[in-house]
Structure formats: structure tokens, C-alpha cells
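The chain contents come next:
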Amino acid sequence: MTAPDIFDRQRRRLHRDRAQPRFAHADFLHRYMLEGIEDRLQAVTRQFSDVLDLGCHDSAFTPPSGARIARFDPGFAFAQAASGVQGDEDRLPFADGAFDLVVSVNVLDSVNDLPGALTLVRRTLRPDGLFLAAFTGGRTLATLRQSLLAAEPDRPAARVHPQIDLRSAGDLLVRAGFALPVADSETLTVRYAGIGRLVEDLRGMGANGLLEPAPLGRTTLIAAADAFADRADADGRTAEQFEVIYLTGWAPAPSQPQPARRGSATASLAETLRPR
């Protein structure tokens, strides 16, 4: 049985297309993630020849020197501007083993079938190919969520899409068949003068494509804005947080370190812990 979609694919594409012309005014989170990806990539001492930029946005990711790069985005406008391919991450059109590096920045949190997407990414990698990803995690927009709940306590509606936590992200890497999986997170805090600017940033990022988003009435919006303002500091600004989850995984290869065979240990744990 196929799980129902959470995100409306057409709505998600539309949000990204609307965001593309003004993306440079709301790209701070994307740039932050990209810096984290580049830091992790610089720590890898090997050469890459074929790279996939999965969720390319404005093509800000620069491939390693000498590498060919393919751009892919769920939004038509981003893909067209990058001379890339438009599609969904859980329906990748690329052949198995087409790339030795796949980089994904700020898109995987809104994929309907994330386990399936990760499995497809692993299949597009050659043996010992590297996957690096960054996306928002479950602690993102905590203040906005609290403000919306305060604005409609009796009938709360889904207005911010569900997000994955760090532990689950690491588990998904293992489930998709990646070797040497690593999941870690950072928190970026941004201070806003009001809820309106936060909403503008989210729209500018092309965020949220829920299947059936609940309409936000004027009364609810005013109440949410008041609740958001009530959490402001002495400077009149309210802190909002973005949890960034980073994933690192390798396509399996015989040359990689392997776990020891079960029962092959030569030292006794009980003997090691015995009081001397």
C-alpha cells in the first residue's frame, strides 16, 4: 500500500516558481546550509568528476575543480535558470551510478517519499560516491508554531509542514543503504521585528507545500502576530530558530572500512571492567 502524499507536488512547484525571482532577498538559510556543506566537502581528500546538485535553487553551489555538474530542482523556474532538470526528488530520472557526488541543500524536508528519495540518491552514486545534504529539522520555527497554536487553541490547523528529527534522519540514511552514515545538526537563530517579515522570508524561500493547507483568517493572523510579539526581547525583536540537519553518507564499496565480524573480539569486556 502506497503512503498518501503529505505535500502537494504542484503546489510545491508553484511556491518555488513564485520564490525564484526574489530568492536573493531570502536566501540566508540556503547560504548558511551551503557553507556547512562546503566545509564538509573540503574535509574530503578525493577527486570528484560527476556531480548532481539536487535542489539547485540559484546554482550557488560550485562543484569541485574539473568536475561536471548536473542541476536538478523541483521548481521549473529554478531548473530553467540553471539549465537543469525539473522533477521530484523521489522520482529521479538519472541512471544508476551516474555520479560520484550528490549535494542537496534545503529541499529534502518537503519530499513526500524521503526514504525512497534517499534510496534513489544512493543508486545514482557510483561505489564509494559521496552524498551530502542539509535541510531544516524538527526544531525549526518553534516560535512561529507556538504563536499559531496560541492564536487558535481550540482548533489548531497544520500550517507549518511536519519535519524530521535528527535521530530519524540518521536512521533513514541506514535504511537507504548508505555506508558510514553521519547525521548532525546546528541551530541558526534569527531575530525578527514581527511575524510579517518571517512570513515574507518563508515565502521567499518557497517554503511549505502542504497537501491541504488550512486558510489563515485575518483574526487568526492578528492573534498570531500578537503572540509572536509577546515573545519579543527588550529590543522588540522575537527570536526564531532554524534547525539545520546535515547528512553524510557513502555509497557502499569493498574498499571502505567494514565492521568487525560478530564474535571476532579477542578481549573480554568483563575482564577489562574487572576491578584491579
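> Any details on the sheet that holds strand β3 (residues 85-86)? Residues and values, ideally.
Strand order in the open sheet formed by 7 strands is β3-β2-β1-β4-β5-β7-β6, with mixed pairing between adjacent strands. Two strands bound the open sheet, and with one partner strand each, they are β3 and β6 (179-192). One ladder, built from 4 bridges, connects strand β1 (residues 50-54) with strand β4 (residues 99-105); its direction is parallel. Bridge pairing links Val51 to Leu101 in β4.

> Residues and numbers for the nonpolar core, please.
By size, the foremost hydrophobic cluster in this structure holds 36 residues, and its most contacted members are Leu130, Leu144, Leu198 and Phe242. Ranked by residues supplied to this core, first place goes to helix α2 (residues 28-42) with 5 residues. In this structure Phe242 touches Phe28, Leu29, Thr140, Leu141, Glu186, Thr187, Leu188, Val190, Tyr192, Leu198, Leu202 and Met205, once residues within four positions along its chain are discounted. Counting 27 residues, the second largest nonpolar core, distinct from the first, contains Val111, Leu118, Ala169 and Leu247.

> Tell me about the packing of aromatic side chains, and please be specific about residues and values.
A full pass over the atoms with the stated rule returns 5 aromatic pairs. Judged by centre distance (5.4 Å) and plane angle (85°), the rings of Phe23 and Phe78 are edge-to-face. Pair noted here: Phe23 is in the loop between α1 (9-19) and α2 and Phe78 is in helix α3 (residues 76-81), with a separation of 55 residues, a long-range link. The class of Phe23 is buried, set by a relative accessible area of 3%. Between Phe131 and Phe178, the ring centres sit 5.3 Å apart and the planes meet at 20°, which makes this aromatic pair stacked. With Phe131 in strand β5 (residues 125-136) and Phe178 in the loop between α6 (166-175) and β6, the pair connects residues that are 47 residues apart, well separated along the chain.

What counts and how
- Residues numbered from 1 in each chain as written.
- Predicted model: local features only at pLDDT ≥ 70, side-chain atom pairs only at ≥ 80, totals over all residues.
- Heavy atoms only, no water.
- Pairing = 2+ DSSP bridges.
- Helix = DSSP H or I, 4+ residues; strand = E, 2+ residues; numbered from the N terminus.
- Core = buried A, V, L, I, M, F, W, Y, C linked by side-chain atoms within 4.5 Å.
- Buried < 20%, exposed > 50% of the residue type's maximum accessible area, 1.4 Å probe, protein only.
- Contact = heavy atoms within 4.5 Å.
- Phe/Tyr/Trp six-rings, centres within 6.5 Å; stacked < 30°, edge-to-face > 60°.

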